[in-house]
Amino acid sequence: MVDASELPYRLLTRRYNTTLCFTPMIHARMFTEKAGYRRKFWRACGMPAEDRPLIAQFAGHDKDVLLAAMKIVEKDVDGVDVNCGCPQNIAKRGRYGAYLMEEEGGDRIVEIVRHLSANLNVPVSVKLRILPSGVEDSLVLYKRLVDAGASMLTIHGRTRNQKQLLTGESDWETIRKVVELVGDRVPVLSNGGISNMDDVRRCLEVTGADGIMSSEGVLEYPPLFTETNVESTNYKRTGPGRVQMAHDYLELCKQYPPDDGGQGTGYKCIRAHLHRYLHADLQRHTEVRDVVTKVHTMEAAENVVNMIREIHDKNGHDVSEEKLTWYIRHRSELKENYSDEEDDFVEEKKDTTVQEEEEERPCDVFGEVCADDGDY
């Protein structure tokens, strides 16, 4: 996920049954050429032992540049991944993400996978979407990738056009066809349409996939892979509340601070996480949301959490009634009981000092790291 699955966040999810994590999508050329950029996403000493197994995910269209970037990390990861899932316009301009699947009729990504698998000492996986041209064309490409040496496929059951208000439902039937086609040769992970463990079970039953990848759902609530907000609990939240999630995340950020490496874009990333965890509160208490946009110290971040905690205490907040709200902001089929008018994080509200600071950051090469396209 772009600028979202950095080290502190990954460690938080691992406390709640997540068994495999991916790094944020890393721009391969920037990673090889810019030491400052590389330091934001990677620690010179590698990631801590508790952050394994780990797959490093890269974006790019040049096989040699991708190989050079992956060589830097291969001794410290359990696999590498080529992102062919990002649907953002910046990916189109950069010739990576979901658009890479369509270059040269798929020949380019197939050659990339062949080159990487032949020259790396770790497995090469690919994160993919369904091609806009249809399921049959997609299946042909997926098989070609496995033939070229891909060791695992993750299929997001949507096309690159299905994003934001056009998100729609994830096509699990197509993922089932992928499993039937190549599942006897490589693991296939299913991505899309997961909001709780009931969804996980239904998805595995429908698709036959080897595992589930979650992005937006688990971004808002890291304990998603536990028995909470499911039918057996009468859809009540039995796990920790969203304020506790925000607090625990910040504690990990203090343990692995932005200037130590591996924490992505630092406070920009922290602000985005706080917005997702506390989304339901920030829609009602816009004065706190405005404070979030100005967070550029740990003290300020902790102040946000304390402000929401005080509001909860004053109002007799019941954690068991908490539900996902950020996750469903573009999913009309799930929005029956959600009518907040403002459901997007306006990053532009940050003050001038923070704006100037972040415009100089090389990792802003992605341009849209705080966009609402979390399912990559």
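Every chain is numbered on its own, with residues counted from 1 as its sequence reads. This being a predicted model, a pLDDT of at least 70 is required before a residue's local features are given, and a value of 80 or more before pairs of side-chain atoms are given or counted; all residues contribute to the totals for chains, interfaces and linings. Side-chain metrics rest on all non-hydrogen atoms present in the structure, leaving aside hydrogens and water.

**Remarks on the packing of aromatic side chains**
Logical step 1: Centre distance within 6.5 Å is the pairing criterion for rings of Phe, Tyr and Trp, where only the six-membered ring of Trp is used; planes under 30 degrees apart are then read as stacked, over 60 as edge-to-face, and the remainder as tilted. According to the stated counting rule, one finds three aromatic pairs in the structure shown.
Logical step 2: Arranged with centres 5.4 Å apart and planes meeting at 75 degrees, the rings of F31 and F58 form a pair that is edge-to-face. Taken together, the positions of F31 in helix α2 (residues 28–33) and F58 in strand β3 (residues 54–59) put the pair 27 residues apart, joining distant regions of the chain.
Logical step 3: On the basis of relative accessible area, F31 is assigned to the buried category, the value being 0%.
Logical step 4: Note on classification: 1.4 Å probe, protein chains only; a residue is buried when its accessible area is under 20% of the maximum for its type, exposed when over 50%, partly exposed between these limits. Overall, F58 belongs to the buried group, its relative accessible area being 0%.
Logical step 5: Look at Y249 and Y277: their rings are 5.7 Å apart centre to centre, the planes differ by 70 degrees, and that puts the pair in the edge-to-face class. Highlighted residues: Y249 in helix α11 (residues 242–255) and Y277 in helix α12 (residues 267–277), separated in sequence by 28 residues. Each member of the pair, Y249 as well as Y277, is classed as buried.
Logical step 6: Its guanidinium or amino end placed over the ring of Y221, R237 lies 3.7 Å from that ring's centre, counting from NZ or CZ.
Logical step 7: A cation over an aromatic ring shows up here: R329 above the ring of W326, its NZ or CZ 3.9 Å from the ring centre. Helix and strand labels come from DSSP, where a helix needs a run of H or I of at least four residues and a strand needs a run of E of at least two; each type is numbered from the N terminus. Consider the ring centre and the ring normal. A charge sits over the ring if Lys NZ or Arg CZ is within 6 Å of that centre and within 35 degrees of that normal.

**Regarding the pairing of strand β5 (residues 124–128)**
Logical step 1: In terms of burial, β5 is largely enclosed, as five of its five residues are buried.
Logical step 2: Here β5 shows a buried face lined by V124, V126 and L128 and a second buried face lined by S125 and K127.
Logical step 3: Each pair of strands is called paired provided DSSP finds at least two bridges between the two strands. Relative to β5, strand β4 (residues 79–84) runs parallel, the two being bridged by five bridges. What sits directly across from V80, in β5, is V124.
Logical step 4: Crossovers are marked right-handed if the path from the first strand over the helix to the second runs clockwise, as seen with the strands pointing away from the viewer. With helix α7 (residues 135–148) bridging β5 and the parallel strand β6 (residues 152–156), this β-α-β connection has right-handed handedness.

**Considering the packing of helix α6 (residues 107–119) against α7**
Logical step 1: Relative orientation of the contacting elements α6 and α7 amounts to 20 degrees, with a least axis distance of 8 Å. If you check the angle between α6 and α7, you find them roughly parallel. Considering the relative orientation of α6 and α7, their crossing is right-handed. Only L141, R144, L145 and A148 of α7 make contact with α6, whose side of the interface consists of D107, I109, V110, V113, R114 and S117.
Logical step 2: Residue polarity follows a fixed list, in which Ala, Val, Leu, Ile, Met, Phe, Trp, Tyr, Cys and Pro are nonpolar, Asp, Glu, Lys and Arg are charged, and the others, Gly among them, are polar. Partitioned by chemical class, the residues of the contact of α6 with α7 number six nonpolar, one polar and three charged. For every element, the axis is a line fit to its C-alpha atoms; helices are fit only across the contacting stretch, and the angle between N-to-C directions ranges from 0 to 180 degrees. An angle counts as roughly parallel when it lies under 35 degrees, as roughly antiparallel when it exceeds 145, as roughly perpendicular when it falls between 65 and 115, and as oblique in every other case. Handedness of each helix crossing follows the sense of rotation of the near helix against the far helix: counterclockwise by less than a right angle gives left-handed, clockwise gives right-handed. Whether two residues touch is decided by their heavy atoms; if any such pair falls within 4.5 Å, the residues are in contact.

**Quick look at the side chain of R129**
Logical step 1: Tracing the chain through its elements places R129 in the loop between β5 and α7.
Logical step 2: Classification of R129 as buried rests on a relative accessible area of 2%.
Logical step 3: In the analysis that follows, any N or O atom pair within 3.5 Å is treated as a polar contact, provided that within protein one partner can donate a hydrogen and the other can accept it, and provided that, for residues neighboring in sequence, both atoms belong to side chains. A distance of 2.8 Å separates a polar side-chain atom of R129 from the backbone oxygen of G85.

**Structural notes on the side chain of R276**
Logical step 1: Tracing the backbone shows R276 in helix α12.
Logical step 2: On the basis of relative accessible area, R276 is assigned to the buried category, the value being 6%.
Logical step 3: Apart from the residues lying within four places of it in its own chain, the contact partners of R276 are A4, L219, E220 and W326.

Any functional reading would require information that these geometric values do not contain.
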